[in-house]
Amino acid sequence: MAITEQEIGELKARAKKIRKDIVDVTGWAGGAHIGVALSMTDIMTILYFKYLSLDPKRPDWDDRDRFVLSKGHGGVGYAVVLANRGYFDPELLKEFNHSGSAFGMHLDGNKVLGVDASTGSLGHGLPMAVGMALGARVRKKAFRVYCLLGDGECNEGSIWEAAMAARHYNLNNLIGFIDRNHLMIDGLTEQIMRLEPFADKWTAFGWKVKTINGHDYAELAEAIDFAQTYREGPVMIIAETIKGKGVDFMENKVAWHYGGLSADLIETAKQSIERSSP
Amino acid sequence: MSGGVTWTVYDVDKLTQKEVYGVVLCDLAKIHPEIVGLSADLAQSTKIGALGEKYPDRFFNVGIAEQNLFGVAAGMAKVGLIPFVSTFSAFASMRACEFLRTDICYQNLNCKIIATHGGTSFGPAGTTHHSTEDLSIVRAFANLTVIVPADAIETAKSVRACMEVKGPVYIRIGRGFEPRCYESEDYDFKIGKAVELSVGTDVTVIACGTPVQHAVQAAKILQQEDGLSVRVLNMHTIKPIDEAAILRAVQDTRRIVTFEDHNVIGGLGTAVADVIAASGKGCAFKKVGLPDEYAIVGYPEDIQNHYKIDTEGIVETVREIMGRDFERDEDWEDEV
Ligand SMILES: Cc1ncc(C[n+]2csc(CCOP(=O)(O)OP(=O)(O)O)c2C)c(N)n1
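Residues numbered from 1 in each chain as written. Chains lettered and ligands numbered in written order. Predicted model: local features only at pLDDT ≥ 70, side-chain atom pairs only at ≥ 80, totals over all residues. Heavy atoms only, no water.

**Things to note about the sheet that holds strand S3 (residues 82-88) of chain B**
Residue and element names in this part refer to chain B.
Logical step 1: Taken in spatial order, the 7 strands make up an open sheet running S2-S1-S3-S4-S6-S5-S10, and their pairing is mixed. Either end of the sheet is taken by a strand with one partner, and the two such strands are strand S2 (59-61) and strand S10 (237-239). The sheet shows a mean angle of 20 degrees between the axes of neighbouring strands, direction not considered. (Pairing = 2+ DSSP bridges. Helix = DSSP H or I, 4+ residues; strand = E, 2+ residues; numbered from the N terminus. Axes fitted to C-alpha atoms, helices over the stretch in contact; angles between N-to-C directions.)

**Brief notes about the interface of chain B and chain A**
The accessible area lost on association of the parts is a frequent measure of interface size.
Logical step 1: Listed as interface residues are 22 residues of chain B and, on the opposing side, 26 residues of chain A.
Logical step 2: Buried surface at the junction of chain B and chain A, summed over both partners, amounts to about 2,000 Å²; 48% is from carbon and sulfur atoms.
Logical step 3: If you sort the residues of chain B by the area they bury against chain A, Ile64(B), Arg95(B) and Val297(B) come out on top, with a joint share of 29%.
Logical step 4: Our count for the chain B to chain A interface comes out at 1 salt bridge.
Logical step 5: Elements represented by at least two residues in the side of chain B that touches chain A include exactly helix H2 (43-46) and helix H5 (89-95) of chain B.
Logical step 6: Among the elements that take part in the side of chain B that touches chain A, H2(B) stands out by supplying 3 residues, more than any other. (Contact = heavy atoms within 4.5 Å. Buried area = accessible area lost by both parts, 1.4 Å probe. Salt bridge = Lys/Arg side-chain N within 4 Å of Asp/Glu carboxyl O.)

**Side note on the confidence of the model for chain B**
Residue and element names in this part refer to chain B.
Logical step 1: Averaged over chain B, the pLDDT score is 92; the fraction of residues at 70 or greater is 94%.
Logical step 2: A low-confidence stretch, residues 1-12 (pLDDT under 50), is modelled with 28 contacts involving residues beyond four sequence positions or located in other chains.
Logical step 3: For this predicted complex, the interface score ipTM comes out at 0.93, while the overall pTM is 0.94. (pLDDT = per-residue confidence, 0-100.)

**A few points about the site of the ligand**
Logical step 1: Close contacts around the ligand come from 24 residues, with Lys71(A), His73(A), Asp151(A), Leu183(A) and Glu66(B) the closest.
Logical step 2: Surrounding the ligand is a set of residues that belongs to chains A and B.
Logical step 3: Here His73(A) contributes a side-chain N or O atom positioned 2.7 Å from an oxygen atom of the ligand.
Logical step 4: With respect to the ligand, the side chain of Glu66(B) contributes an N or O atom lying 2.6 Å from a nitrogen atom.
Logical step 5: Protein contacts shield 99% of the accessible area of the ligand, which totals 590 Å² for the unbound molecule.
Logical step 6: Placement of the ligand is best described as lying within the largest pocket.
Logical step 7: The residue makeup of the shell around the ligand, split by class, is 8 nonpolar, 8 polar and 8 charged. (Near = heavy atom within 4 Å. Polar contact = N/O pair within 3.5 Å; in protein donor to acceptor, adjacent residues only side chain to side chain. Areas by Shrake-Rupley, 256 points an atom, 1.4 Å probe, with all protein chains shown as cover. 1 Å grid on protein atoms, 1.4 Å probe; cavity = no way out; pocket = protein on both sides within 12 Å on 5 of 7 lines; lining within 4 Å. Sits in = over half its atoms within 2 Å of the grid points. Nonpolar A, V, L, I, M, F, W, Y, C, P; charged D, E, K, R; others polar.)

Below, the structure written as structure tokens:
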């Protein structure tokens with residue numbers, strides 16, 4: 001499913017809209033994991049608007065591809081993408097984080113249409129994705145399972161337990177992404193708990209690894225195309241990203257992991273997104 | 001008082017529960033070189049990072065790896081250190097559950113767990129970050145002392161007092177935006193001894209954590225509007241629980257209601273119920289907390305209102321229990 005220049009242009013425009021929506025929701029919410037969400041926006045956009053086989057009108061369609069946001073604190077980005085994809089009325093996001101709302105910071109699959117797994121406690125998504133991929137095999141289903149992880153999240157032992165299992169069962173219907181923005185909450189991943197040589201670790205666990213620029217649609221498409229046809233086992237796409245991508249004053253700033261925005265800052269942030277590439 | 005620490009929590013208006021904890025811990029670390037701190041990418045969120053700033057060589061951030069966090073702390077305790085371990089209480093009690101139980105409690109190690117963001121204090125984050133089962137879980141661990149301070153002042157007292165316990169202590173605090181309950185540090189805090197915050201003879205309200213200050217407010221309202229004499233017990237130590245205070249409350253008031261920012265299964269209410277049931281005495285009793293469901297998303301004060309663990313809810317429940325009938329057994333010779 002090679003990508004065309006025109007598609008790339010459309011996806012970039014979509015991502016801009018999604019980033020601006022994330023800024024709006026952060027404003028309405030009185031604070032959200034905005035840096036986290038901006039970091040993963042391009043990965044989410046290409047998945048939800050090009051690759052995932054799904055139907056927003058039938059969220060329970062048995063044969064749909066599954067997506068698991070293992071870094072569940074990206075909920076604000078996930079919610080905006082689902083709204084833009086037509087799962088629910090974007091207006092509902094005005095209630096994000098508010099009392100009695102269906103939308104907490106970490107999305108609840110029993111309350112939010114389109115969410116395949118409730119996450120938020122790190123290290124749970126990949127194990128569930130492994131289970132879904134195994135389940136597809138048992139049920140002779142052709143759907144694929146996509147799972148997006150945080151890099152800091154890979155400190156968790158459960159990620160490596162799942163990594164081992166995915167290779168053990170040769171899950172070629174499982175495609176992982178790591179949002180490799182090099183930041184966690186307390187600082188740089190390499191300073192808090194070293195991950196490098198990161199790709200080598202995944203390779204040693206038996207995964208096929210592709211390292212790409214996570215904001216480059218051509219590279220993302222090429223890696224996903226490869227992963228979809230790779231038959232030997234699971235593929236991990238390490239997507240080099242920038243936390244806060246698109247909003248210049250947030251980029252690479254650990255302080256914007258979570259934050260609130262005044263009306264002024266909302267405007268400044270949107271202008272920055274308008275100017276940014278992609 | 002442990003080891004001659006004389007520091008007091010001035011400026012408590014500006015210091016949150018978490019900040020107070022960081023400050024007191026630094027103070028203790030000054031006189032106890034064996035104190036070390038550990039966290040799992042939540043050094044700033046939990047404020048244990050304050051220790052790391054002051055004593056970089058005595059602070060360890062193990063990354064986002066809570067099981068390892070508790071295992072490493074156990075190892076350090078084994079070789080003579082006193083580890084203070086901090087993460088969100090949902091992860092301390094559930095993610096690291098067996099490491100806490102088997103490595104730390106079973107081996108009876110001198111480890112102090114400061115579990116932050118307890119109850120629904122991180123309300124908008126949703127169920128993954130609500131901690132409404134932790135008291136129930138950790139209360140079942142032998143050797144473990146479990147404390148739920150009512151506010152920042154009591155947090156300071158708990159952190160100091162836990163040094164006197166030679167064994168594991170679990171201190172559960174909030175997110176840092178909790179209202180204050182005490183005016184000053186000038187009161188008697190003893191692990192395992194409830195604090196009577198309001199004298200009363202008609203009904204007893206037993207609470208821990210944030211609901212304590214609501215109970216104090218509710219008692220005033222009930223006195224003014226209903227002429228009720230409400231005893232308020234701040235049961236800051238859930239384990240070992242102050243059985244004598246509960247039995248006195250049964251004897252004196254015959255009506256008890258418990259309030260906690262926690263599931264009603266297995267927490268403070270259950271601990272109190274156990275004592276009442278074992279006494280064999282009739283007592284109108286109700287435990288209020290989160291029902292057997294995952295809490296709604298929302299600001300903590302709205303969640304507390306929704307589940308009736310705020311001032312309004314306490315007033316309402318106390319009125320309800322005043323109208324309830326029960327059988328009396330007036331023979332107290334054998335019990336108290
Ligand atoms: C089990 C668990 N521990 C701790 C947390 C608190 N927490 C939320 S986000 C985060 C950092 C995540 O960093 P990373 O995986 O690199 O994702 P990023 O935000 O950089 O995209 C932490 C520690 C959590 N949600 N779950």
